[in-house]
Amino acid sequence: MALRAAVLRHIRLPVQTLTAAGSRPQPQWSFLRLFSSHDDHLTKEEVIDRVLDVVKSFPKVDPSKVAPDVHFQKDLGLDSLDNVEIVMALEEEFKLEIPDKEADKIDSCNLAIEYIYNHPMAG
Amino acid sequence: MSGATAAAYLARRAAQKERVRILYRRALKDTLNWAVHRHLFYQDASDLREKFEANKHVEDLDTIDKMIAAGEATYNKWRHPDPYIVPWAPGGSKFTRNPVPPSGIEIVYDYGREEND
């Protein structure tokens, strides 16, 4: 899992921010659209925010307990089937298609954030 | 001896739990394929969850195996013929639409210039 993450990190294109005048707008300005498909990868804070929002809006979860390093079954007291449901909700949020074996291993917010951040097609 | 059988028992239970999780995941995706409208999907998803929860406390390994096989047969019977797959994933519409050209190929842009110019 970590090897796969490291390999994916190498395959991803590096983000180049131009600092000269007339450069492209920063990725944080989400109301400005970037028409190139090469430098619009998600920032880590965006990923963390969206993942935490998805987990907080899950009906069986207490929103005040949710943190970026929380384990779904141990800290939040969820079932393994609830884990499956959360992973499906994350797939829908980021428009990803996670293979079954990988989805089975996503057990905590940490893993989810790492997987989504390293996925090249996370939307 | 009892340690080995306990480990084998736990390994079998863990394998069964994984099969159940993957089956639940596929069944949930299938439910989303069939019931596109969200309110219908929520009802069908809770029905599916009830079915799984009803058999949660079974302890006998063979019964569990039979139930998992029956569940997988039901899933195969109810599979959607045209499921929604994310476009860039295998089976989606954008999959291998623009493959990376093989390495070592170089396009020389000479715009028709003759060699003796």
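Residues numbered from 1 in each chain as written. Chains lettered and ligands numbered in written order. Predicted model: local features only at pLDDT ≥ 70, side-chain atom pairs only at ≥ 80, totals over all residues. Heavy atoms only, no water.

A. Spatial organisation of the nonpolar core. Residues V51(A), V55(A), L76(A), L90(A) and I116(A) are the most contacted members of the largest nonpolar core, which totals 27 residues. Among the secondary structure elements, those contributing two or more residues to this core are α2 (44–56), α3 (80–94) and α5 (109–118) of chain A. Formed by 13 residues, the second largest nonpolar core is a distinct cluster that contains L23(B), F41(B), F52(B) and Y75(B). (Core = buried A, V, L, I, M, F, W, Y, C linked by side-chain atoms within 4.5 Å. Buried < 20%, exposed > 50% of the residue type's maximum accessible area, 1.4 Å probe, protein only. Helix = DSSP H or I, 4+ residues; strand = E, 2+ residues; numbered from the N terminus.)

B. Up close: the pattern of salt bridges. Under the counting rule described, the total for this entry stands at 20 salt bridges over all chains. In this structure, R21(B) and D104(A) form a salt bridge, with 2.6 Å as the shortest nitrogen-oxygen distance. With R21(B) in helix α1 (residues 2–34) and D104(A) in helix α4 (residues 100–105), this residue pair bridges two chains. Take R21(B) and D104(A): they sit in the same class, and that class is buried. One salt bridge connects K56(B) with E53(B), and the closest N-O pair in it is separated by 3.7 Å. On the basis of relative accessibility, which here comes to 44%, the residue K56(B) falls in the partly exposed class. (Salt bridge = Lys/Arg side-chain N within 4 Å of Asp/Glu carboxyl O.)

C. View of the interface of chain B and chain A. The interface of chain B with chain A comprises 18 residues on the first partner and 22 residues on the second. At the junction of chain B and chain A, the tally comes to 13 residue pairs in polar contact (both at pLDDT 80 or more). Its residues assigned to classes, the side of chain B that touches chain A comprises nine nonpolar, no polar and nine charged. (Contact = heavy atoms within 4.5 Å. Polar contact = N/O pair within 3.5 Å; in protein donor to acceptor, adjacent residues only side chain to side chain. Nonpolar A, V, L, I, M, F, W, Y, C, P; charged D, E, K, R; others polar.)

D. Region of interest: a nonpolar patch on the surface. Residues and elements named next belong to chain B. Taken together, I105, I107, Y109 and Y111 make up a surface patch of nonpolar side chains, about 580 Å² in accessible area. Tracing the sequence through the fold places I107 in the segment after α3 (61–77). By relative accessible area, I107 is classed as exposed at 58%. (Patch = residues over 30% accessible without salt bridge, like charges linked within 9 Å, V, L, I, M, F, W, Y side chains within 5 Å. Areas by Shrake-Rupley, 256 points an atom, 1.4 Å probe, with all protein chains shown as cover.)

E. Representation of the UniProt feature "domain: Carrier" (unreviewed entry) in chain A. Within the UniProt annotation, "domain: Carrier" (unreviewed entry) is assigned to residues 45–120 of chain A. Helix makes up 57% of residues 45–120 of chain A and strand makes up 0%, while its end C-alpha atoms are separated by 16 Å. (UniProt positions renumbered as here; feature names shortened; annotations may be inferred.)

F. Just α3(A), in detail. All names here are of chain A. In this model, α3 (15 residues) spans 21 Å end to end at C-alpha, consistent with the 21 Å of a helix rising 1.5 Å per residue. When you tally the buried positions in α3, you get 11 out of 15 residues, the bulk of the element. For α3, the full list of buried residues reads L81, D82, N83, V84, E85, I86, V87, M88, L90, E91 and F94. At the C-terminal side of α3, K95 shows a positive phi close to 55°. (Expected span 1.5 Å × (residues − 1).)

G. Quick peek at helix α2 (residues 38–54) of chain B. Residues and elements named next belong to chain B. When the terminal C-alpha atoms of α2 are compared, their 24 Å separation across 17 residues agrees well with the 24 Å that a helix rising 1.5 Å per residue should span. Along α2, the residues that are buried comprise F41, A45, L48, R49 and F52. Buried residues of α2, seen end-on, are gathered within an arc of 100° and therefore sit on one face of the element. Summarising the geometry of α2, the exposed residues directed more than 90 degrees from the buried face are H39, E50, K51 and A54. (Arc of directions from axis to C-beta.)

H. Expanded view of the packing of α2(A) against α3(A). Residues and elements named next belong to chain A. In the contact formed by α2 and α3, the axes pass within 10 Å of each other and the chain directions differ by 135°. Classified by the angle between their axes, α2 and α3 sit oblique to one another. The handedness of the crossing between α2 and α3 is right-handed. Mapping the contact onto sequence places V47, R50, V51, V54 and V55 in α2 and I86, A89, L90, E93 and F94 in α3. (Axes fitted to C-alpha atoms, helices over the stretch in contact; angles between N-to-C directions. Parallel < 35°, antiparallel > 145°, perpendicular 65-115°, else oblique. Left-handed = near helix turned anticlockwise from the far one by under 90°.)

I. Quick peek at unusual backbone geometry. Phi at K95(A) is positive, roughly 55°, even though this residue is not glycine. Here K95(A) shows up in the loop between α3 and α4. Accessibility expressed as a relative area gives 55% for K95(A), which makes it exposed. Unlike most non-glycine residues, Y111(B) shows phi in positive territory, near 50°. If you trace the backbone, Y111(B) turns up in the segment after α3.

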